[in-house]
Each structure stands twice: as C-alpha cells, then as structure tokens.
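Chain by chain, the residues run as shown.
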Amino acid sequence: MSSSFGKALGELILKKRRVLGLTQTQLAEDAFGSSGKVRRISELENGLVSNPHLKTIDPLIVYLKITEEELDECAGEVGYQPNPALDLAFKEASGLIRKLAQKFDHDNPDASFDELNSYLCEKAAEFVRLRDKISKIEAVSSEVEELRGTAVTALQAGEYAEVDEILEKAEELHQQEKTLAEIDKQAEIRALRGDAKLLAGDFEASYSHYRKAAMFYLPFDKDVTIELLQNLGKRIYEAARRSYDVDFRVAERLLNDALEISDPAEVPAVVAGICYRISLVQRNRAEALSAKEKASLLRDAERFARDAVRYLEGTEFAYEKISAQISLANSLSDRGRIEGDPETLAQVIDLYRSARDNLLALNEHSELLCHVFNGLGSSLLRAEEFGETLDLAALQEARKAFGEAIEISERFGDVEAWGGGNFNLGNIVLRLAHLNEAKEEVYLLARLRAISCFQNSVDAYSETAFPNQYAEAHRCLGDVLFEHGLYAENDVQKEVNFMRAMASFEKATQWITKERDVQRWGYIQCRLGSIFGNHARIAESEVAQSDIQQAIEFFENGLSAYREAGFSEGVTSCEANIRRLKDMAEC
C-alpha cells in the first residue's frame, strides 16, 4: 500500500511511461514542452512528492491518458484530501493561480513539485482570506456594494492594480463620514489594500497602506493607533519569518511608527513591548545582510532589547522582561560571533543564567525555559569559536541544557523550540562523540544519536515555515551521515550513507544559496566534493573516474566561494584537495 497520494500517483505515472516506452526526458518534452521538467517527473516517480495538486500535473495526466477512475484509486488507497483553498482558487481564480505558478517557475527554475505546491497553497490561502475580507466589507450604499463585487472579480483575475483602484474608490466613499464607526470601515479597507500589495510583493505600497489604516484613528484615539500598528507589525513579522518573499522592513517601519507616538512615561509596558518586537525584527532582518551591515543592525537590536528590559519593572511583567532578556542575549551572541568579540560571550551566558534562575525562582512562565536552556547551551559551545578549548564539564553542562530544552518544549508543545533543542543536542552529541573516537561502539552509538537528533530537527522545521532552520538542520544531518559513511563496516553501508548525506546537502542548498550565504554554500560544495572523492575509492574504475571529476567540480565551486568570502584557510584546503584528486585521476 502506498504511503501517500503522491507516491501512488508516481507509481502510476512510471507504469504508464514505461508502457509507452518513453524516457523521462521524452515525457517532459511531450507533456510540458520542456526537458527542464525532468526533475519533477523523477520526483513523482520516486515518491518524493507527497500530495501534488492535480492541476499542477495536469499535462502529465492528459498526455498519459490517466482516467478519473485511476486517480480515484490512487486517492482511495491513502484517503487523499485535496487542499480546499487551492481547489477554490483554481475554481474561482484560475488566471491568478496560473500567473503565480508561471512567476514561481520563472524565479525558481529548479524548484520541486512540493515547493510549487507549497507556494501555491500559501498564495491560495491568502487569496481566499483576502477575497472573504473584501466580501465582508459593509456596503453602506449600492455603489459600495457594486465596488465590492468588482474588487472580488478583479482579485480572481489577478489584477492587483485594479483591486487597489477599486478599494481606493470604496475608501473615498467612506471618508465622507468622520465618525469612529466610519473610520473603522476606512481602516479595514486601507489594511486590505495593504494586504493586496503585500501579496503582490509591492512592499513600499503595502507599508504606506498599513500605516494609513492605523493613522486614521490618531485624531480620535492614539492608543488604538498604537495597538493597530503593533498588531500589523507582529503579523507581518511572523509572515516574513515563514516566507521567501515578505520584507521584514515593513514590520520594522510600522513598529517604529508606533514607538514614535508612544510615551514611555505614560505606558512603559507598551513601549517595552514595541522595543522588544523591533529587536526581534532587526535580528531576523540581519540574516540577509553583509557582515558589516549585520553587525550594525544587531547593535540596534541590542539597544532596543535593553530599552525593553529597562522599561519593564514589577513581577507582573516577568514574562515580558525575560523575553526581552532572551532577545538581548541572542543579538549580543550574533554580533559577538560576527565581530569575533569574546567579551560579549560572558555577558550572554550571564544573561541566560540570570533568566534561568529568575524563572526557576518564580516557578511560573516555565514555557520560556526551553528558549533559555537552548540559548545557554549554545552560548557555552560558542566559546570554542573564540579559541577557548571546552573541557568535558562545559560540554556536559551544554548537553544537559539542551536536554532540558527538549523536555520542556515537549511539555508545552513548542515545536520550534523542540526542533532547536534537537538540533543543538545533535551537535553536542557529535562533539562528545569525537572525544570517544577510539571507543568504536561508543562512537558509533553517538553518531546514531546525532543522526536521530538532526532528523527530528528536520521533521520539526517546515521547509516553508522555517526555511533557514530547515536548511541548517539538513546541512548538519548531511555532515554526520557522511561521517557515518566513512566509518561504515562495508562498501554497501558506505554508499548508502554517502547517498543520504548528498540528499541532505542538496536539500540544504535550496535555501543556503551562493547569493544568500557564500561561505556556508562553499562549505556544502566542499562536503559534496568529499563525498564523491571518498566514493571514488570504493567504486569501479569507470565510475571512480566520473566521481573524481565531479569531486573536482564541487571543490572548484567551494574554492570560488571561499575566495569571494575571503576565507583563506578554506581556499588552501580546496586547492590541496583539487591537487590530490587530479593525482588520483592520473593513477
């Protein structure tokens, strides 16, 4: 029995293709008009696409003459349930979905079916939400009623500019009345315009609309304005954390607007909350910047986090204050790592220990402890980055902290913290394993434990919700699988683990691109080169020569990346590996 609809459908496609005597390339060219879709056909046939939407693979269904009865049989085996939002979007806005799919394919030519499905599901859900909100705009006149219906029609066709123009007209009608009830309607419409612009990727316009929505209230109630700016900033921050194409700066600007009109003397807790949220946004935004820009923005994040801590007095704000301390510690830690400043590390560890002790003394807000323990363990390990050799006691303290983080996150159902705890534990288990390399069985079990931890982390982090964490977990999983392969008892086990490591590294490079992080990308290229180089030692002569050439290509990629990043040690290592591989090829 197939484990998913996608696997069952993939098996059917493979069977149909073989009956027709077609290669994957021929099928891609005949069905899609492009050999570039071979990867997607391969993914389907190998069961790597769990729940493809039928519309995304319609050309294959049509070309292979797959019947409704055959599709029903595939779906019936696994109780397949299609995504209702995507079904509705295909039904009501096929033009919009086609445009979005074409744009996604253009921007991401190597994307898999799962990535396309995930992207379209997100956009379909946003379409349904926006359509429903537009439909619920209160019609105070027949003209607004007509505009509302026209806006929904334009949205279904993907005409964002027209949607904005129609909503602008509706907004102008509402502006005739200056009562607070009418302001509510104006603000809703303006916020909807912001949503439409955000969906279209026009971040400057979306910020302008969101800000205007909040500012409608300013002459009437400043507190409502501040609250709306905060809520919009929080919502967009969460969207940006879980998306490839939402700008953190929209959230940051809205929160700064809220801060500008807030008085810490009047509402210190509110100001503290805004400062805390800005520090989170800035730390996340720093991820995409150069080292110099990143360090500067992290200093800003530190300042806002310190302000948040300073404004929060009294035990009733214990949760908020400790959250701000965690944000401050994270920003300090990130900046210290970039600037190579060991003095920050002691501050970070002190902050985490203080937060831990305060939470344990309060005996409440225990859900924060998983974040505190994760941060404390990571900070203890980070000392090695500044040239300090950790003793066994420090490593064991870090391991205990990560174990506590996992146990507490399980208790409170915090999936993200659980994934982080497993990721961290995997790294510390591997470090401890290296201390026992001479003890073969101990070292073996430690590698297996690390593999399990990294796999847990991969499973916890959604590829679309937490792409960076997902990629980093796969990178570490690839490392330990490669190491496991090197120590395997026989060539079959070596090859299995090498292949698993390659799959994880390839998953990681879907997010860790050369453009996003040249040095991490270069590292993965070198690891892939090492896999092929080591596989060449156990492969037959013809395969070995091919492996060596691929290994050289990967190391040359790594060499180029390390040169660009100015990483001299990496450059030297790559050059040495390339020379060794060329010598192997000549033997």
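Residues numbered from 1 in each chain as written. Predicted model: local features only at pLDDT ≥ 70, side-chain atom pairs only at ≥ 80, totals over all residues. Heavy atoms only, no water.

Let's talk about the overall build of the protein chain
Counting secondary structure elements, the protein chain contains 27 helices and zero strands. What you see for the protein chain is a C-alpha radius of gyration of 27 Å, in line with the 25 Å of a compact globule of 587 residues. Each principal axis of the C-alpha atoms in the protein chain carries an extent, and together these give about 85 × 65 × 45 Å. Buried residues in the protein chain amount to 49% of all 587 residues. Looking at the protein chain alone, contacts between residues at least 24 apart form 64% of all its contacts between residues at least 6 apart. Surface summary for the protein chain: the accessible area is close to 28000 Å², and the carbon and sulfur share equals 49%. Of note, the protein chain has its 70 positive side-chain charges centred 1 Å away from the centre of its 101 negative side-chain charges. (Helix = DSSP H or I, 4+ residues; strand = E, 2+ residues; numbered from the N terminus. Rg over C-alpha atoms; globule rule 2.2 N^0.38 Å. Buried < 20%, exposed > 50% of the residue type's maximum accessible area, 1.4 Å probe, protein only. Contact = heavy atoms within 4.5 Å. Areas by Shrake-Rupley, 256 points an atom, 1.4 Å probe, with all protein chains shown as cover. Lys, Arg positive; Asp, Glu negative; His and termini not counted. Charge placed at Lys NZ, Arg CZ, Asp CG, Glu CD.)

Concerning the pattern of salt bridges
Inspection of every chain in the model, using the stated rule, returns 25 salt bridges. As a salt-bridge pair, Glu 70 and Lys 16 come within 3.1 Å of each other at their nearest N and O atoms. With Glu 70 in helix H5 (residues 68–78) and Lys 16 in helix H1 (residues 5–20), the pair connects residues that are 54 residues apart, well separated along the chain. Residue Arg 527 is joined to Asp 479 by a salt bridge in which the shortest nitrogen-to-oxygen separation is 2.8 Å. Separated by 48 residues along the polypeptide, Arg 527 in helix H25 (residues 518–536) and Asp 479 in helix H23 (residues 467–486) bring together distant segments of the chain. What makes Asp 479 buried here is its relative accessible area of 10%. (Salt bridge = Lys/Arg side-chain N within 4 Å of Asp/Glu carboxyl O.)

Considering a negative patch on the surface
The grouping of Glu 162, Glu 165, Glu 168 and Glu 172 at the surface amounts to a negative patch. Here Glu 165 is to be found in helix H10 (residues 160–174). (Patch = residues over 30% accessible without salt bridge, like charges linked within 9 Å, V, L, I, M, F, W, Y side chains within 5 Å.)

Quick notes on the environment of Leu 192
Positionally, Leu 192 belongs in helix H11 (residues 180–200). The exposure class of Leu 192 is buried, given its relative accessible area of 1%. Taking the C-alpha atoms as reference points, Leu 192 and Leu 130, separated by 62 residues in sequence, lie 7.2 Å from one another.

Quick word on the packing of helix H26 (residues 541–565) against helix H27 (residues 568–586)
Where H26 contacts H27, the axes come no closer than 9 Å and their chain directions differ by 160°. Overall, the two elements H26 and H27 adopt an arrangement that is roughly antiparallel. As H26 runs across H27, the sense of the crossing is left-handed. Packed against H26, whose contacting residues are Gln 545, Ile 548, Gln 549, Ala 551, Ile 552, Phe 555, Glu 556, Gly 558, Leu 559, Tyr 562 and Arg 563, the element H27 presents Gly 570, Val 571, Cys 574, Glu 575, Asn 577, Ile 578, Leu 581, Lys 582, Met 584 and Ala 585 at the interface. Residue composition of the contact of H26 with H27, grouped by class: twelve nonpolar, five polar and four charged. (Axes fitted to C-alpha atoms, helices over the stretch in contact; angles between N-to-C directions. Parallel < 35°, antiparallel > 145°, perpendicular 65-115°, else oblique. Left-handed = near helix turned anticlockwise from the far one by under 90°. Nonpolar A, V, L, I, M, F, W, Y, C, P; charged D, E, K, R; others polar.)

Quick notes on the packing of aromatic side chains
Under the definition given, this model contains seven aromatic pairs. Judged by centre distance (6.1 Å) and plane angle (50°), the rings of Tyr 237 and Phe 248 are tilted. Taken together, the residues Tyr 237 in helix H13 (residues 222–241) and Phe 248 in helix H14 (residues 248–260) connect sequence positions eleven residues apart. Residue Tyr 237 is classed as buried on the basis of its relative accessible area of 5%. Among the residues examined, Phe 248 registers a relative accessible area of 13% and is labelled buried. Seen in terms of ring centroids, Phe 532 and Phe 554 are 5.7 Å apart; in terms of plane orientation they differ by 20°. Their pairing is stacked. On the criterion of sequence distance, the pair formed by Phe 532 in helix H25 and Phe 554 in helix H26 is long-range, its members being 22 residues apart. (Phe/Tyr/Trp six-rings, centres within 6.5 Å; stacked < 30°, edge-to-face > 60°.)

Some details on unusual backbone geometry
One can expect most non-glycine residues to show negative phi and most peptide bonds to be in trans. Even without glycine at this site, Lys 65 takes up a positive phi of about 55°. Examined against the element boundaries, Lys 65 turns out to sit in the loop between helix H4 (58–63) and H5. For Asn 363, which is not glycine, the phi dihedral falls at a positive 60°. Along the chain, Asn 363 turns up in the loop between helix H18 (343–362) and helix H19 (369–382).

Comments concerning the nonpolar core
Ile 428 and Ile 531 are the most contacted members of the largest nonpolar core, which totals 85 residues. A total of nine residues in this core trace back to one element, the largest contributor, which is H26. Setting aside residues no more than four positions away along its own chain, Ile 531 makes contact with Phe 482, Phe 498, Ala 501, Met 502 and Phe 505. Of all hydrophobic cores here, the second largest spans 30 residues; its members include Tyr 237, Ala 251, Cys 275 and Val 309. (Core = buried A, V, L, I, M, F, W, Y, C linked by side-chain atoms within 4.5 Å.)

Section: the state of the cysteines
Per the counting criterion, the structure on display carries zero disulfides. With no disulfide of its own, Cys 476 has Cys 453 as its nearest cysteine by sulfur position, at a separation of 11 Å. Residue Cys 476 is classed as buried on the basis of its relative accessible area, which comes to 5%. (Disulfide = S-S within 2.5 Å.)

Description of the environment of Ala 565
With respect to the helices and strands, the residue Ala 565 is situated in helix H26. For the pair Ala 565 and Gln 519, spaced 46 residues apart in sequence, the C-alpha to C-alpha distance is 6.0 Å. Sequence-distant contacts of Ala 565, that is, excluding residues within four places in its chain, are made with Val 518 and Gln 519.

Looking at the environment of Asp 547
Mapped onto the secondary structure, Asp 547 falls in helix H26. Looking at Asp 547, the relative accessible area reads 6%, which means it is buried. Sequence-wise, Asp 547 and Val 518 are 29 residues apart; in three dimensions their C-alpha atoms are separated by 24 Å. Beyond its immediate stretch of four places on either side in the chain, Asp 547 contacts Phe 532, His 535, Ala 536 and Ala 539. In terms of polar contacts, Asp 547 uses its side chain to reach the side chain of His 535, at 2.5 Å. (Polar contact = N/O pair within 3.5 Å; in protein donor to acceptor, adjacent residues only side chain to side chain.)

Points about helix H3 (residues 38–45)
Most of H3 is tucked away: six of the eight residues are buried. If you check which residues of H3 are buried, you get Val 38, Arg 40, Ile 41, Glu 43, Leu 44 and Glu 45. Just downstream of H3 lies Gly 47, where phi reads positive at about 70°.

Looking at the packing of H23 against helix H24 (residues 491–508)
Relative orientation of the contacting elements H23 and H24 amounts to 165°, with a least axis distance of 8 Å. Between H23 and H24, the interaxial angle falls into the category roughly antiparallel. Between H23 and H24 the crossing geometry is left-handed. Here H23 contributes Tyr 470, Ala 471, His 474, Arg 475, Leu 477, Gly 478, Asp 479, Leu 481, Phe 482, His 484, Gly 485 and Leu 486 to the contact with H24, which in turn contributes Lys 494, Asn 497, Phe 498, Arg 500, Ala 501, Ser 504, Phe 505, Lys 507 and Ala 508. Residues that form the contact of H23 with H24 fall into these classes: ten nonpolar, six polar and five charged.

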